Each structure stands twice: as structure tokens, then as C-alpha cells.
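Now for the letters of each chain:
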Amino acid sequence: AQSVTQPDIHITVSEGASLELRCNYSYGATPYLFWYVQSPGQGLQLLLKYFSGDTLVQGIKGFEAEFKRSQSSFNLRKPSVHWSDAAEYFCAVGNSGNTPLVFGKGTRLSVIA
Amino acid sequence: DAMVIQNPRYQVTQFGKPVTLSCSQTLNHNVMYWYQQKSSQAPKLLFHYYDKDFNNEADTPDNFQSRRPNTSFCFLDIRSPGLGDAAMYLCATSRLLHTDTQYFGPGTRLTVL
């Protein structure tokens, strides 16, 4: 069975600083990987996804993520964080079969001035 | 704009009093999902519809039921809400089952008194 680990429960960064949120997955074959963001009291919004091809994926709001098969990782990055990026970030893994997405427990991002 | 709409945004019910949450979509997607999300936790899939085919997750309590009268609408019925059912309920849609991008509604926050 597939699983997702987001090691960091809560991260605080200064506005303008760079950001990296970690995601590790467990799955035998090539996974389908997603990053979603959830603002307080809202639903989830897709930031980016990886199915195949180029391992560096560009998403919305200036985010990118890199799939590293050797490390079973799909870390999310942003070069310069804005205060509006404060939210909960969820990594999720799926596969080509009919099994549901598995979400990580999320990383809460706080942005300070 | 095409979107996923959930009503109401906030629902208060009494212990044991049936409640129905509503979801509608203008995306014309085949799949509709219901997730339960408790505070600071990952969304947990309760069930999904692929067109008219209903699939219940193995650990979804019998207290939770769903109806999809047409492509656009899906309902979540909680027959006898308990205090432990207080949560955010998220509806999502996708074109393809599980592997495709899921589009989430803003959620319904359920309070059980």
C-alpha cells in the first residue's frame, strides 16, 4: 500500500525567504504525486502534479516540485515566500490503479514579516 | 466559472438529529468524492461516485450515506450524528477516478451539539 510522510508539522519562514516543504512517499511503481494547498476554512486547491516526464514540475503561485525517485521524495519549493502563502500544504500520492489518493498529514506554513 | 459548490458552509445539528450536506458541480465531471477532515488532519475519503456507481470506503461508518441524483449533485447524509462526527466535510470532483486532479469545494463545517 502506498503511504505519504510529511515530516514537518509546522514551518515558519520570513516573508521573502525561500521555502522547501518535504514529502516522502512509499510506493513500488511510479507514483502519481500531487501538492495541494488549503487556506483556513477553505477546500484544497491543486498547486502542481507529477505523473511522468520532466522531474521538475512547475505549478501555480510560483511553486515548483522535484520528483526524486532515488530518494522517494517530491519536495515543494518556492524561491520567495509571500504572506499570502500562509496555509496548510498537503502532499498526496496515487497510482494507475483504482485506489484512492493517500494524503499526508499536512505541513502548516506560517509567514512572518 | 466552473466550480464545486457546497451548501451550507456551516451546519449545526444536535446529537442524533439527521443532517444532509449538499454538493454541486458545474465541471461535468464523472467522479464525485466526499471527504471528512478533522482539525489538523488529512482529508479522509468516505466514499465516491463514478457516474452512478457508488463505492464506499471499507472503514466508513454505516451512519454515513450518500446520494447522487444526477451528474451535478451529490448529497452526504449523516443519519444519527455523534459528537465525533463534527468535522469539515469536503466534496471534490474529477474527470477520471482517483488519478486525475481533484477539484474541491470550500467545505461544510459541521458542529454537533
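All residue numbers refer to position in the chain's written sequence, counted from 1. As they are written, the chains are lettered A onward and the ligands numbered 1 onward, keeping that order. Thresholds applied to this predicted model are a pLDDT of at least 70 for local features of residues and 80 or more for the giving and counting of side-chain atom pairs; totals over whole chains, interfaces and linings are not thresholded and use all residues. Heavy atoms throughout the structure, all of them, feed into the side-chain values; hydrogens and water do not.

1. A closer look at the pairing of strand β4 (residues 31-37) of chain B
Residues and elements named next belong to chain B.
- With a 1.4 Å probe rolled over the protein chains alone, any residue whose accessible area is under 20% of its type maximum counts as buried; one over 50% counts as exposed, and the rest are partly exposed. Helix and strand assignments come from DSSP, with helices taken as H or I runs of at least 4 residues and strands as E runs of at least 2, each series counted from the N terminus. The element β4 is largely enclosed, with a buried count of 7 among its 7 residues.
- Should DSSP find at least two bridges between two strands, the strands are taken to pair. By the bridge criterion, 6 bridges tie β4 to strand β5 (residues 44-50) in an arrangement that is antiparallel. Directly across from Met-32, in β5, lies its bridge partner Tyr-49.
- Hairpin remark: β4 followed by β5, antiparallel, with 6 residues in the connecting loop; positive phi at Ser-40, about 60°.
- Where β4 and strand β9 (residues 87-94) come together, 7 bridges link them in antiparallel fashion. What sits directly across from Val-31, in β9, is Ser-94.

2. Digging into the interface of chain B and chain A
- Pairs of residues are marked as contacts when any of their non-hydrogen atoms sit within 4.5 Å. Each side of the interface is counted separately: chain B has 20 residues, and chain A has 22 residues.
- Summing both sides of the interface, chain B and chain A together bury roughly 1,500 Å²; the carbon and sulfur share of this comes to 58%.
- Criterion for a salt bridge: a side-chain nitrogen of Lys or Arg within 4 Å of a carboxyl oxygen of Asp or Glu. Counting the contacts that link chain B with chain A gives 0 salt bridges.
- Identification of polar contacts relies on pairs of N or O atoms within 3.5 Å, with a donor-acceptor requirement for protein atoms, meaning one able to donate a hydrogen and the other able to accept it, and with residues adjacent in sequence counted only if both atoms are side-chain atoms. Our enumeration of links across chain B and chain A arrives at 5 residue pairs in polar contact (both at pLDDT 80 or more).
- For this classification, Asp, Glu, Lys and Arg are treated as charged, while Ala, Val, Leu, Ile, Met, Phe, Trp, Tyr, Cys and Pro are nonpolar and the rest, including Gly, are polar. Each residue belonging to the side of chain B that touches chain A can be placed in one class, and the counts come to 9 nonpolar, 8 polar and 3 charged. Two parts placed together each lose some accessible area under a 1.4 Å probe, and the buried area is that loss summed for both.

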